[in-house]
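Spelled out, the chains give:
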Amino acid sequence: MSTPPGLDIPRLTAYLQDKAPGLVTEPHGGELRAELIAGGRSNLTYVVNEVFVLRRPPLGHVLATAHDMAREHRIISALGPTPVPVPDALLLCEDPDIIGAPFYLMSRVPGVVLRSRRQTDPLGDEARREVAFAMMDTLAVLHRVDPAEIGLSDFGRPEGFLERQVRRWSKQLAQSTSRDLPDAAVLRDRLAAGIPASATTAIVHGDYRLDNLIVDPETMRVAAVLDWEMATLGDPLTDLGLLLAYWTVLDRLKTGANPIADGLGADAGFPSGDALLDRYAKTSAADLGDLHWYVAMACYKLAVILEGIHFRYTNGQTVGAGFDQIGALVPPLLAQGLTAINGES
């Protein structure tokens, strides 16, 4: 049996034979084989028997408000009948004794995840333009879904959402760092002092970017949106701010090869961040007049996430390659957040 870190194959096999026997028959005659998918920096993702996907929290140091498998399973279940492309939700297990943590299963969607220049350079300008605009069209579709119509009216608390975001990520940072980051406190205070008024409420993905999508390589359309661990109800401009942080801000960091967004952004031959916003605005009623606060908030949030990954790496609690480069991104990312909140591009 193939047993990658984070899975207990014998216990998983016995559990599925009891709860969902149809998942453990062909093509391997009842024997489960699993492979860890590279690229994930937080929750761990495995392909099992080449036909379904298992998601579980990371190994060690799991914060109480993060890595909620039930929330991920609930939202992809709710979005299944909508125009938002998601995998089929197959099973949720909240018993940590089966594999060492709660987990859920979803269908494996055919397609590619575009993550590196090795993948995106051969696409050509037109294909890169098509997939970037498909990414924005899909985000606009998500933000138009009425949460109440799909049973998600209680999926978050929109009132005070932005204030809670600042507090939440400040708390996460306090629990996930062991080094001095002076710009973090300055940026936190600037964010808290300038919180804008949210104009609308929508389903917020929370980590929307190109490499969290499965793309049909024939049509360049989005086949599925993945990684819903931070989804909630709130201000949709936070999704745009984070997307811009991945798309443009990370390109400016002078840390060598970018381990997060190597194949994203204008430097990789894609349309500019402004072009992406123009595309989103064509089918959205959102006012995109001033996104500086949202980009700054995205830099802070991303810095906290990366600091948490760096913290787990330094404690030997990560699985996969590339984690040794993550910590170097945090200080310059905080500095970029300060630049953004000052209204500078």
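An unreviewed UniProt entry lists the chain under the name Phosphotransferase family protein, with Dactylosporangium cerinum given as the organism.

1. As for the overall build of the chain
If you tally the helices and strands in the chain, you get 10 helices and 9 strands. The buried share among the 345 residues of the chain stands at 53%. Across the chain, contacts joining residues at least 24 apart in sequence account for 73% of those joining residues at least 6 apart. Surface exposure of the chain reaches about 14700 Å², of which carbon and sulfur atoms provide 49%.

2. Considerations on the nonpolar core
One finds W228 and Y300 to be the most contacted residues of the largest nonpolar core, which totals 88 residues. The dominant element in this core, judged by the number of residues it contributes, is helix α9 (residues 292-314), at 13 residues. Counting residues in each nonpolar core, the second largest holds 21 residues, with I9, L12, L16 and A34 among its members.

3. Regarding the sheet that holds strand β5 (residues 103-107)
A sheet is described by the order of its strands in space; here 5 strands give the open sequence β1-β2-β3-β5-β4, paired in antiparallel fashion. Every interior strand has two partners, whereas the edge strands, β1 (34-36) and β4 (89-93), have only one. With direction set aside, neighbouring strand axes in the sheet form an average angle of 25°. Bridging between strand β3 (residues 52-56) and β5 involves 4 bridges; their strand directions are antiparallel. In the sheet register, L54 faces β5, and the bridge partner there is L105. Packed onto the sheet, helix α1 (residues 9-19) meets β1, β3, β4 and β5 and runs at close to 115° relative to β4. Of the strands in this sheet, β3, β4 and β5 are in contact with helix α2 (residues 69-79), which crosses β4 at around 160°.

4. Quick notes on unusual backbone geometry
Here E50, not a glycine, exhibits a phi torsion of approximately 65°, which is positive. Looking at where E50 falls in the secondary structure, it is placed in the loop between β2 (44-48) and β3. Unusually for a residue other than glycine, D227 sits at a positive phi of about 60°. Position of D227 among the secondary structure elements: in the loop between β8 (222-225) and β9 (232-234). Exposure remark for D227: the relative accessible area of 21% places this residue in the partly exposed category.

5. Considerations on the side chain of R56
You can see R56 is positioned in strand β3. For the buried R56, which has no salt bridge, the nearest side chain bearing the opposite charge is D8, at an N-O separation of 9.5 Å. There is a polar contact of 2.9 Å between the side chain of R56 and the backbone oxygen of G6. A polar contact of 3.4 Å, which involves the side chain of R56, links it to the backbone oxygen of P58. Filtering out sequence-adjacent residues up to four positions away, R56 remains in contact with G6, N43, L44, Y46, M69, I99, A101, P102 and F103.

6. Considerations on the packing of aromatic side chains
Scanning the model with the defined rule gives 3 aromatic pairs in all. Centroid distance Y15 to F103: 6.0 Å. Interplanar angle 75°. Geometry classified as edge-to-face. Of this pair, Y15 sits in helix α1 while F103 sits in strand β5, placing them 88 residues apart in sequence. For F103, a relative accessible area of 0% corresponds to the buried category. Measuring from ring centre to ring centre gives 5.3 Å for W247 and F270, while their planes differ by 65°; the resulting arrangement is edge-to-face. On the criterion of sequence distance, the pair formed by W247 in helix α7 (residues 237-249) and F270 in the loop between α7 and α8 (273-281) is long-range, its members being 23 residues apart. Residue classification places F270 among the buried residues on the basis of a relative accessible area of 5%.

Reading the values: the criteria
Along each chain, residues carry numbers from 1 onward, in the same order as the chain's sequence is written. Given that this is a predicted model, residues contribute local features only at a pLDDT of at least 70 and side-chain atom pairs are listed and counted only at 80 or more, while totals for whole chains, interfaces and linings are drawn from all residues. Side-chain measures were taken over the full set of non-hydrogen atoms in the model, leaving aside hydrogen atoms and water. Helix and strand assignments come from DSSP, with helices taken as H or I runs of at least 4 residues and strands as E runs of at least 2, each series counted from the N terminus. Exposure classes here rest on a 1.4 Å probe applied to the protein chains alone. A residue is buried below 20% of its type maximum, exposed above 50%, and partly exposed in between. Contact between two residues is taken to exist if any of their heavy atoms lie within 4.5 Å; hydrogens are not considered. Accessible areas in this description were obtained via Shrake-Rupley with a 1.4 Å probe; residue shielding takes into account the shown protein chains only. Put simply, buried Ala, Val, Leu, Ile, Met, Phe, Trp, Tyr and Cys residues joined by side-chain atoms within 4.5 Å make one nonpolar core. If DSSP finds at least two bridges between two strands, the strands pair. All axes are obtained by fitting lines to C-alpha atoms, using only the stretch in contact for helices, and the reported angles, taken between N-to-C directions, cover 0 to 180 degrees. Only four residue types enter the charge count: Lys and Arg as positive, Asp and Glu as negative, with His and the chain ends excluded. One side-chain nitrogen of Lys or Arg within 4 Å of one carboxyl oxygen of Asp or Glu is enough to make a salt bridge. Pairing of N or O atoms within 3.5 Å defines a polar contact, subject to two protein rules: one partner must be a possible hydrogen donor and the other a possible acceptor, and residues neighboring in sequence count only if both atoms are side-chain atoms. Only Phe, Tyr and Trp rings take part, Trp by its six-membered ring, and two of them pair if their centres are within 6.5 Å. Stacked means planes under 30 degrees apart, edge-to-face means over 60, and tilted covers everything else.

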